[in-house]
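Tertiary structure, described
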Amino acid sequence: MIVLLARRLRYSRATGPGKGLNSPAMKDIAIVGGGPAGALCGERLASHGFNVTIFDERLAWEKPCGGGLTHKAIQAYPFLLEGSQPKKIVRTAELISGGGHRARFEMSHPIVIYARKVLNGLLLDRAIAAGCTTVCSRVTSVNTDGAQVHLTAGGEARRSDFIVLAAGARNQLLPETTALSTKDLEVTLGYFVPTEEDILKVKFLKEFEGYMWSFPRADHLSVGICAKMGQSPTHQLRRHLDQFVDEEKIPMLGARFYSHMLPSPQAQTIRNRRIVGRNWAMAGDAAACVDPVTGEGLYYALRSGDLLAQALVDGQPQAYPERLRAAFSNDLELAAQIARKLFRGNFLGGAITTRMVQLLNYSPAFRDLIRDVFSGTQDYRTLKQRLWDQFGITLLEFIRSWFGFRGLPGTTDSVSREQCP
Ligand SMILES: Cc1cc2nc3c(=O)[nH]c(=O)nc-3n(C[C@H](O)[C@H](O)[C@H](O)COP(=O)(O)OP(=O)(O)OC[C@H]3O[C@@H](n4cnc5c(N)ncnc54)[C@H](O)[C@@H]3O)c2cc1C
């Protein structure tokens, strides 16, 4: 009995509330933002006995987003696939080059696409079931100078022992850190369109750092364009998007326009920006946890919220950035280094993105690689090596196909081919 009690005490000291970095009695955690990062962080903390209050000015809402979750998100958080909430499971993708060439392929793992209101609702329900309190109000100020954190939410003064800032890309609450600069952000514009589709489409543009997408959801499409902030005027982005909508013959009756910011962090921002302090930390978009090539942010929001909660449970909030680096920040830093080259660079006399579409059609080895990239199972660290390792075979397959050999193994899912150069 005594041994059992001693074990239990040791466990609660090691993992339960009261083992925070600063205060031996850290118990009350305020979270600003009930999106994926804040909601999952709250759920994890509440299930370890912390008193968690999540403040969100809208709670579950239709945040402008594609809503696509890759296989790595599903693997880490299987409840995203298992629940009964409406979602679309998409297995086929199509890439379209700036010149209009197309390549369609089956992904190695499906992408699961949610309406954000549904996804946020699901995550907040789990947080509430774990013991979190949710408050629907806007947090307008945060002061982390004192022994306790002081915040104002909906005009009311509140206090907590620690604050998690998970208020997204537009986060204005910046204790002891800097805002994301224009170079760390992308502009996005899009439409929610009430129509049904089964294929996910991505279109590149010539000399353009960004892309357009059409993501099918349970009862509508999210169609949009993203581009580095400051590089293209909004009216030009809208023109590209409207042309895409026309080309893809998307029926626009009842479509709703949206625009939002998306972090697209530079390598030095990922490496150097401060995301944790004595009694505060950031997660998700607020911490710039987004893939600068693909714009994937949902997995990184969930994972950063999860890792931050674990660091707090362990009483080691200062270990959070290091854990983030080991989990994915190093990889995102590599992505930031290649993003510009990928969208603007040339290979064998043509745009890299165009060559990608061509290789997809003509090289099964390259198609396998892109399938894994789309599933989120191919990291950037090993991508370069894999490209080099299979360079010879990719080229051979491409040349064989170019000279008219047909019936290459594994090409049956390529239903729509462009012409060879
Ligand atoms: C157009 C677009 C398309 C995208 N498509 C995809 C995709 O298909 N797949 C993917 O993985 N990622 C995608 N992303 C990225 C993804 O949306 C984000 O990375 C993700 O939502 C980040 O989650 P978060 O919890 O950090 O922030 P958010 O989801 O932005 O949540 C922040 C929450 O904080 C609340 N809030 C903000 N300020 C305050 C305040 N002062 N007081 C109280 N509450 C506040 C907001 O109401 C919001 O609910 C897309 C982004 C955009 C803009």
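The preceding data block contains the structure.
Just so it is clear, the model here is predicted, and its values are computed rather than measured.

This part covers the pairing of strand E1 (residues 28-32). Of all five residues in E1, four are buried, a share of seventy percent or more. Across five bridges, E1 lies against strand E2 (residues 51-55) in parallel orientation. Note that in E2 the partner of Ala-30 across the bridge is Thr-53. Regarding topology, helix H2 (residues 36-46) serves as the crossover connection from E1 to the parallel E2, and that connection is right-handed. Sheet analysis places E1 next to strand E10 (residues 162-165), joined by four bridges and oriented parallel.

Before going further, it helps to spend a moment on unusual backbone geometry. Not every positive phi belongs to a glycine, and Leu-59 is a case in point at roughly 55°. In this fold, Leu-59 is placed in the loop between E2 and strand E3 (68-69). One non-glycine residue, Glu-207, lies in the positive phi region at around 50°. Structurally, Glu-207 is set in the loop between strand E12 (199-203) and strand E13 (210-216). The exposed category is assigned to Glu-207, whose relative accessible area is 53%.

The local shell around the ligand holds 36 residues, among which Asp-56, Gly-66, Arg-116, Asp-285 and Leu-298 are the closest. In the environment of the ligand, a nitrogen atom lies 2.7 Å from a nitrogen or oxygen atom belonging to the backbone of Gly-66. A distance of 2.6 Å is found between an oxygen atom of the ligand and a side-chain nitrogen or oxygen belonging to Asp-285. Look at the ligand: alone it shows 990 Å² of surface, and the protein chains cover 94% of it. Every element with two or more residues in the shell around the ligand is listed here: H2, E13, strand E15 (256-263) and helix H8 (298-313). Ranked by residue count, the leading element in the shell around the ligand is E15, at four residues. Tallied by class, the residues present in the shell around the ligand amount to 17 nonpolar, twelve polar and seven charged.

One pass over the structure, following the stated rule, counts zero disulfides. In this model Cys-132 remains outside any disulfide bridge; the closest cysteine sulfur is found in Cys-41, 8.7 Å from its own. Overall, the relative accessible area of 7% leaves Cys-132 in the buried class.

Take the packing of aromatic side chains next. Counted according to the given criterion, the structure contains ten aromatic pairs. For the ring pair Phe-192 and Tyr-258, a centre distance of 4.5 Å and an interplane angle of 40° mean the geometry is tilted. Remark: Tyr-258 occurs in strand E15 and Phe-192 occurs in strand E11 (residues 185-193); sequence separation between them is 66 residues. You can call Phe-192 buried: its relative accessible area is 6%. Ring plane angle 70° and centroid distance 6.4 Å describe the contact between Phe-347 and Phe-391, whose orientation is recorded as edge-to-face. Here Phe-391 lies in helix H13 (residues 391-402) and Phe-347 lies in strand E17 (residues 346-347), a separation of 44 residues in the sequence. Overall, the relative accessible area of 30% leaves Phe-347 in the partly exposed class.

What follows deals with the sheet that holds strand E9 (residues 156-160). Backbone-to-backbone hydrogen bonds pair the strands of a sheet. The strands run either parallel or antiparallel. Read across the open sheet, the three strands follow the order E7-E8-E9; overall the sheet is antiparallel. Two strands in the sheet have a free side with no partner beyond their single neighbour: strand E7 (139-143) and E9. With strand direction ignored, the average angle separating the axes of adjacent strands in the sheet is 20°. Of the strand pairs in this sheet, E7 and strand E8 (residues 149-153) are connected by four bridges, and their pairing is antiparallel.

For H8, built from 16 residues, the straight-helix expectation of 22 Å at 1.5 Å per residue is met to within 8% by its first-to-last C-alpha distance of 23 Å. Among the 16 residues that make up H8, 14 are buried, leaving the element largely enclosed by the rest of the structure. Positive phi shows up at Gly-315, right after H8, with a value of about 70°.

Next up on the list: the environment of Ser-214. The residue Ser-214 is located in strand E13 in this model. The class for Ser-214 is buried, based on a relative accessible area of 3%. Sequence separation of Ser-214 and Ile-199 is 15 residues, and the distance between their C-alpha atoms is 8.2 Å. Each residue touching Ser-214, except ones within four places of it in the same chain, is listed here: Ile-199, Leu-200, Lys-201, Leu-221, Ser-222, Val-223, Phe-244 and Ile-250.

With 68 residues, the main nonpolar core has Ile-29, Leu-45, Val-52, Leu-69, Leu-80, Val-164 and Tyr-320 as its most contacted residues. The greatest single-element share of this core, amounting to eleven residues, is contributed by H8. By size, the runner-up hydrophobic cluster in this structure holds 31 residues, among which are Ala-93, Ile-111, Ile-113 and Met-356.

The interhelical angle for the contact between H2 and H8, taken along N-to-C directions, is 30°, at an axis separation of 7 Å. It follows from the interaxial angle that H2 and H8 lie roughly parallel. Where H2 crosses over H8, the two elements pack in a sense that is right-handed. Judged by residue contacts, Pro-36, Ala-37, Leu-40, Cys-41, Arg-44 and Leu-45 of H2 engage Leu-298, Ala-301, Leu-302, Gly-305, Asp-306, Leu-308, Ala-309, Leu-312 and Val-313 from H8. For the contact of H2 with H8, the class distribution of residues is twelve nonpolar, one polar and two charged.

Definitions and cut-offs
- Residues numbered from 1 in each chain as written.
- Predicted model: local features only at pLDDT ≥ 70, side-chain atom pairs only at ≥ 80, totals over all residues.
- Heavy atoms only, no water.
- Buried < 20%, exposed > 50% of the residue type's maximum accessible area, 1.4 Å probe, protein only.
- Helix = DSSP H or I, 4+ residues; strand = E, 2+ residues; numbered from the N terminus.
- Pairing = 2+ DSSP bridges.
- Right-handed = clockwise from strand over helix to strand, strands pointing away.
- Near = heavy atom within 4 Å.
- Polar contact = N/O pair within 3.5 Å; in protein donor to acceptor, adjacent residues only side chain to side chain.
- Areas by Shrake-Rupley, 256 points an atom, 1.4 Å probe, with all protein chains shown as cover.
- Nonpolar A, V, L, I, M, F, W, Y, C, P; charged D, E, K, R; others polar.
- Disulfide = S-S within 2.5 Å.
- Phe/Tyr/Trp six-rings, centres within 6.5 Å; stacked < 30°, edge-to-face > 60°.
- Axes fitted to C-alpha atoms, helices over the stretch in contact; angles between N-to-C directions.
- Expected span 1.5 Å × (residues − 1).
- Contact = heavy atoms within 4.5 Å.
- Core = buried A, V, L, I, M, F, W, Y, C linked by side-chain atoms within 4.5 Å.
- Parallel < 35°, antiparallel > 145°, perpendicular 65-115°, else oblique.
- Left-handed = near helix turned anticlockwise from the far one by under 90°.

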